[in-house]
Amino acid sequence: MAGYILRRLLQAIPVLLGTTFLIYFMVFAMPGDPLLALFGDKTPNPALLEQLRQQYHLDQPFIVQYFLYLGGIFRGDFGTSFSGEPVADILARTFPVTIRLAIMALIIEFVGGVLIGLVSGLRKGKLFDASALVVSLIFISLPIFVIAFVAQFIFGIQLGWARTTVSTGAPIQDLILPAFVLASITFAQLIRLTRASVIETQSLDFVRTAYSKGLSRRRIIPVHILRNSLIPVVTYAATDFGVLLVGATVTEGIFNVPGVGRTLYQAIIRGEGPTVVSFVTVMVLIYLVVNLVVDLLYGLLDPRIRYVK
Amino acid sequence: MKINRYGIGAIALIAASALALTGCASGGGSTDSTASTASIITANGSEPQNPLIPTNTNETGGGKILDSIFAGLEYYDAKGAPQLDVAESIETDDSKTFTIKIKPDLTFTNGDPVDANSFVDAWQYGALFSNKQLNSYFFEDIEGFSYEADSPLTGLNVVDDLTFTVTLNEARSDFPLRLGYSAFYPLPKTAFEDMDAYGQNPIGNGPYKLASDTAWQHNEKIDLVVNDEYTGGRKAQNGGLTIVFYASEDAAYADLLGGNLDVLDNIPASAYSTYESDLGDRAVNQPAAIFQSFTIPERLAHFGNDEEGKLRRAALSMAINRDEITDVIFTGTRTPASDFTSPVIDGWSDSLEGADVLKFNPDEAKKLWAQADAISPWSGTFQIAYNADGGHAEWVDATANSIKNTLGIDASGAPYPTFAESRTAITDRTIQTAFRTGWQADYPGLFNFLGPLYATNASSNDGDYSNPEFDALLQEGSSTADSAEANDDFQKAQEILLKDLPAIPLWYANVTGGYSETASNVQFGWNSVPLYYEITKS
């Protein structure tokens, strides 16, 4: 087990190097001079521009810039943003906020999705199942920004139940509405996946055996049906984590959450290479860790899966 | 993406019923924070792009903070007229050498005195080549300034503690008018010890000061409290100012409607059609010091500095239905242009000779275009380049269509994905079409709209326009001490522009904003930023 984890962690190193290289290259290849955009519609003096280029190493060829950046990371220096703040500080400030938001969304999605999916699967073809189907269809077909604007309009402005945007420090009660919105993108998929999985498991031999042994439904449903239905659902929820981080960019913009998505978006617009690369790198890292955790979870859900060598 | 009201209603209905069905309607805690902090004004802003150093801040996100925490020699009132702030007097005989006296006994909020050296040192710092300050060009008229190497401003001389003189390279009648701009703010001695640290926690002498040394919470907000030691004309009438940073104007607007924001100075385009009914008499829509145009470089075929070029430029200008576009596309949040400056600027006129060329006149446009065709027949497409990340597509397409329908030629927009990309193509002169241009004034003077844009070899003369007659009139206006006479010269210079049309004036952007029910005395300054210090809150 420990050897397996170690191997997985070692595999992460080339993945990380590859992604930073690719992302850095993409930021570098973005057409246009980010420093020129700093001056708005005014044209700066060429000599001043040249000096600024040197300061941010933008006068160097790509590969030199990349290694300067990489060298900095090994010294714990992620570079600085145009506003003079160390990127490491920005990372430390924004990631907790987005992770809090993503975990809240994941919990809402998982609890809601699995419960509704389970009930739907057990009552296949009944009224509840049919209405859940309709609702999930609606959510699947609506883009997230529509859901976000509508939720903000109804619950924030019309009803006044929630703050329209998230206040400083992103307290949990302010994040409830954005988390629901964020969860809604994958929530519907999860209902349908759980439902299908439950229906399939229900017809398997060991479930019929359990019924014929005379076990109660209260024991069969959670232990026999649900547990065995969860394996595809857990995999899906993990890949979801990536979708949630991406969806956070839209949601955070609309609800003004001072998290990763909003900062990353701003950095891309401003062409701040070090900020963009550092953020994406940490996101990749999180994604790798989450996938590792999921692989380990399989073993808990299905003892037949073992990690040897 | 625009969502109209009916659309919202329909979607809302679906979403509401959906949420009710699943029973997952959220009950987020509503946190109304107005009770304990009644007199603190909250306003919208954006994360400053640069450290908060006056000579290094050239955008509004940082600018509105600096204007609140610093007091310069003068400030601009709501009409854009300069009023003395720290200065006791600014005197000159020839518009070339200025003697500036400072009011006695003024201090920064850390106790450092505000004296002649606070200004001279700050300006020297801002102008020094190796300091790479974004606003260094503001000092280019002062003797000794260099863009190539480190060279002290020899034109600055400290006479005594409270007096210094400024000598310019040549006469500039509007120099005193510029002194209210943030690049000319003073700096305390402590700033020079560690400019990086100072930029994160600036110490000023203005109506407000930072609430603590961590008041600037990056990407979230900045908390300002009243500076009781400030004695100038901008004394704060409220208990403080919190500027919340928004990534999108839509979020800020939602907060205004939701009661979390007191003043908003930029209505998002998606709300143009509804904000006046949403806010009633709390909606603001007035012209601002922002001029929008498109520039046709002279190097383009058919648009050279000759008879044909002039005919074609005039024809294009008369082919654009500015009234309809500002009405339909911008729902009245732009004002059709009648010159190259802005109605909020002293000396502006809507009856310049030749301003008819800015009126929609399809018959005359067709006639002029045909005359140009007689000189050299037109072929190809007329294109206007713009950056697609700035919400320009709609009006560029409308303008191109107006040209197309009137003149019967092919016309279209030419989008560049990002602002950086379009600016790069414009700056290195690789662009082979007309392109969108805009100008927001740094200080309220006619010259600021003309000199940097159309004078021969001027820094932002992106179309490489050059006309000795125009240059001479600018020069004349600049060397006149009397401001009315100077404005007269600038207007004559504009009349030349109306004939040559290096850029086709389109409209002035309005400032669109609004405020909450609890805020009163909300007035917007000439630069589209509310005068925060005047606002009171019940």
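Everything below is about the structure shown above.
Sequence order sets the numbering: in each chain, residues are counted from 1 along the sequence as written. Labels follow written order: the first chain is A, the first ligand is 1, and so on. Residue-level local features of this predicted model are given only where pLDDT is at least 70; pairs of side-chain atoms are given and counted only at 80 or more, and the full residue set underlies all totals for whole chains, interfaces and linings. Each side-chain value is worked out from all heavy atoms of the structure, with water and hydrogens disregarded.

1. Structural notes on the overall build of chain B
Scanning chain B from terminus to terminus reveals 16 helices and 20 strands. When its C-alpha atoms are laid out on the principal axes, chain B stretches across 75 × 75 × 35 Å. Every one of the 538 residues in chain B was classed for burial, and the buried ones make up 58%. Contacts between residues were defined by any pair of non-hydrogen atoms, one from each residue, lying within 4.5 Å. Looking at chain B alone, contacts between residues at least 24 apart form 69% of all its contacts between residues at least 6 apart. Per element, the accessible surface of chain B, about 20400 Å² overall, is 49% carbon and sulfur. Secondary structure elements are defined from DSSP: runs of H or I of at least 4 residues count as helices, runs of E of at least 2 residues count as strands, and each element is numbered from the N terminus. For the exposure calls, accessible area comes from a 1.4 Å probe over protein chains only, and a residue counts as buried if that area is under 20% of its type's maximum, exposed if over 50%, partly exposed in between. Accessible surface area values rest on a Shrake-Rupley calculation with a 1.4 Å probe, where residue burial reflects the displayed protein chains alone.

2. Notes on the overall build of chain A
Along chain A, the regular secondary structure elements total twelve helices and zero strands. Along chain A, from the amino end to the carboxyl end, the secondary structure elements read α-α-α-α-α-α-α-α-α-α-α-α. Each principal axis of the C-alpha distribution contributes one length, and for chain A these read about 85 × 60 × 30 Å. For chain A, the proportion of its 309 residues judged to be buried stands at 49%. Measuring between centres, the 24 positive side-chain charges of chain A sit 16 Å from its 17 negative side-chain charges. Note on charges: Lys and Arg go in the positive column, Asp and Glu in the negative column, and His and the chain ends are not counted at all. Lys charges are placed at NZ, Arg charges at CZ, Asp charges at CG and Glu charges at CD.

3. Describing the interface of chain B and chain A
Taken residue by residue, the interface counts 66 residues in chain B and 57 residues in chain A. When two components associate, each loses some accessible surface as probed by a 1.4 Å sphere; the sum of these losses over both components is called the buried area. When the two sides are added together, the surface that chain B and chain A hide from each other amounts to roughly 5700 Å², 61% of it contributed by carbon and sulfur. By the criterion applied in these results, polar contacts are pairs of N or O atoms within 3.5 Å in which, for protein atoms, one can donate a hydrogen and the other can accept it, and in which residues neighboring in sequence qualify only through two side-chain atoms. Counting across the chain B and chain A interface gives seven residue pairs in polar contact (both at pLDDT 80 or more). Counting only elements with at least two residues in the side of chain B that touches chain A, the list comes to helix 1 (5-22), strand 9 (216-217), strand 11 (240-245), helix 7 (249-257), helix 13 (419-427) and strand 17 (434-440) of chain B.

4. Considering the pairing of strand 16 (residues 410-416) of chain B
Residue and element names in this part refer to chain B. Pairing between strands is defined by DSSP: at least two bridges between the two strands are required. Pairing analysis gives seven bridges linking strand 15 (residues 381-387) to strand 16, with the strands arranged parallel. In the sheet register, Ile384 faces strand 16, and the bridge partner there is Gly413. Think of it like this: strands point away, you trace from the first strand over the helix to the second, and a clockwise trace means the crossover is right-handed. Following the backbone out of strand 15, through helix 12 (residues 393-407) and into the adjacent parallel strand 16, one traces a crossover that is right-handed.

5. Some thoughts on the pattern of salt bridges
All names here are of chain B. Every case where a carboxyl oxygen of Asp or Glu lies within 4 Å of a side-chain nitrogen of Lys or Arg is listed as a salt bridge. The final tally for this structure, using the stated rule, is 22 salt bridges over all chains. Between Arg312 and Asp373 there is a salt bridge, and its shortest N-O distance comes to 3.0 Å. Of the two residues, Arg312 is situated in helix 9 (residues 307-318) and Asp373 in helix 11 (residues 362-375); the sequence distance between them amounts to 61 residues. Exposure remark for Arg312: the relative accessible area of 0% places this residue in the buried category. Its relative accessible area of 26% is what places Asp373 among the partly exposed residues. One salt-bridge network, in which partners are shared between bridges, spans Asp141, Glu170, Arg172, Asp174 and Arg178.

6. Observations regarding the packing of helix 9 (residues 205-212) of chain A against helix 10 (residues 217-254) of chain A
Residues and elements named next belong to chain A. For the pair helix 9 and helix 10, the least separation of the axes is 10 Å and the interaxial angle reads 170 degrees. The pairing of helix 9 with helix 10 is recorded here as roughly antiparallel in orientation. Residues Phe206, Val207, Ala210 and Tyr211 of helix 9 pack against Arg217, Ile220, His224, Ile225 and Asn228 of helix 10. For the contact of helix 9 with helix 10, the residue count by class is six nonpolar, two polar and one charged. Note on method: axes are straight lines fitted to C-alpha atoms, helices fitted across the in-contact stretch only, with angles between N-to-C directions ranging 0 to 180 degrees. To sort the angles, those under 35 degrees are grouped as roughly parallel, those over 145 as roughly antiparallel, those from 65 to 115 as roughly perpendicular, and the leftovers as oblique. When residues are sorted by character, Ala, Val, Leu, Ile, Met, Phe, Trp, Tyr, Cys and Pro go into the nonpolar class, Asp, Glu, Lys and Arg into the charged class, and all the rest, Gly among them, into the polar class.

7. Some thoughts on the sheet that holds strand 7 (residues 163-167) of chain B
Residue and element names in this part refer to chain B. If you walk across this open sheet you meet the four strands as 4-5-7-6, and the pairing is antiparallel. Either end of the sheet is taken by a strand with one partner, and the two such strands are strand 4 (87-92) and strand 6 (156-160). Across the sheet, the mean angle separating the axes of adjacent strands is 20 degrees when strand polarity is ignored. Examined bridge by bridge, strand 6 and strand 7 share four bridges and lie antiparallel to one another. Within strand 7, the position partnered with Asn157 by the bridge is Thr165. Along the sheet face, helix 3 (residues 116-127) touches strand 5 (97-102), strand 6 and strand 7 and points at about 170 degrees away from the line of strand 6.

8. Quick notes on unusual backbone geometry
Residue and element names in this part refer to chain B. Within the chain, Thr331 stands out as a residue other than glycine whose phi angle is a positive 40 degrees. Judged by its relative accessible area of 29%, Thr331 falls in the partly exposed class. Of note in this structure, Ser528 is not a glycine but carries a positive phi near 75 degrees. Tracing the backbone through its elements, the reader meets Ser528 in the loop between strand 19 (519-520) and strand 20 (536-537).

9. Considering the packing of aromatic side chains
Residue and element names in this part refer to chain B. Stacked, tilted and edge-to-face are the three classes applied to pairs of Phe, Tyr and Trp rings, where Trp contributes its six-membered ring and a pair requires centres within 6.5 Å; stacked means planes under 30 degrees apart, edge-to-face means over 60, and tilted covers the rest. On inspection of all chains with the given rule, the structure shows 37 aromatic pairs over all chains. Residues Phe139 and Phe184 carry aromatic rings whose centres are separated by 5.3 Å and whose planes lie at 70 degrees to one another, so their mutual orientation is edge-to-face. On the criterion of sequence distance, the pair formed by Phe139 in the loop between helix 3 and strand 6 and Phe184 in the loop between helix 4 (175-178) and helix 5 (189-193) is long-range, its members being 45 residues apart. The buried category is assigned to Phe139, whose relative accessible area is 0%. A relative accessible area of 0% places Phe184 in the buried class. When the centroid spacing of 5.7 Å and the interplanar angle of 55 degrees are considered together, the rings of Phe303 and Phe382 count as tilted. Taken together, the residues Phe303 in the loop between strand 13 (283-295) and helix 9 and Phe382 in strand 15 connect sequence positions 79 residues apart. One aromatic cluster is present, formed by Phe98, Phe119, Trp123, Tyr137, Phe138, Phe139, Phe164, Phe175, Tyr181 and Phe184 through successive ring pairs. It is Arg334 that lies over the ring of Phe330; its NZ or CZ is 4.2 Å from the centre. The criterion for a charge sitting over a ring is simple: Lys NZ or Arg CZ within 6 Å of the ring centre, and within 35 degrees of the ring normal.

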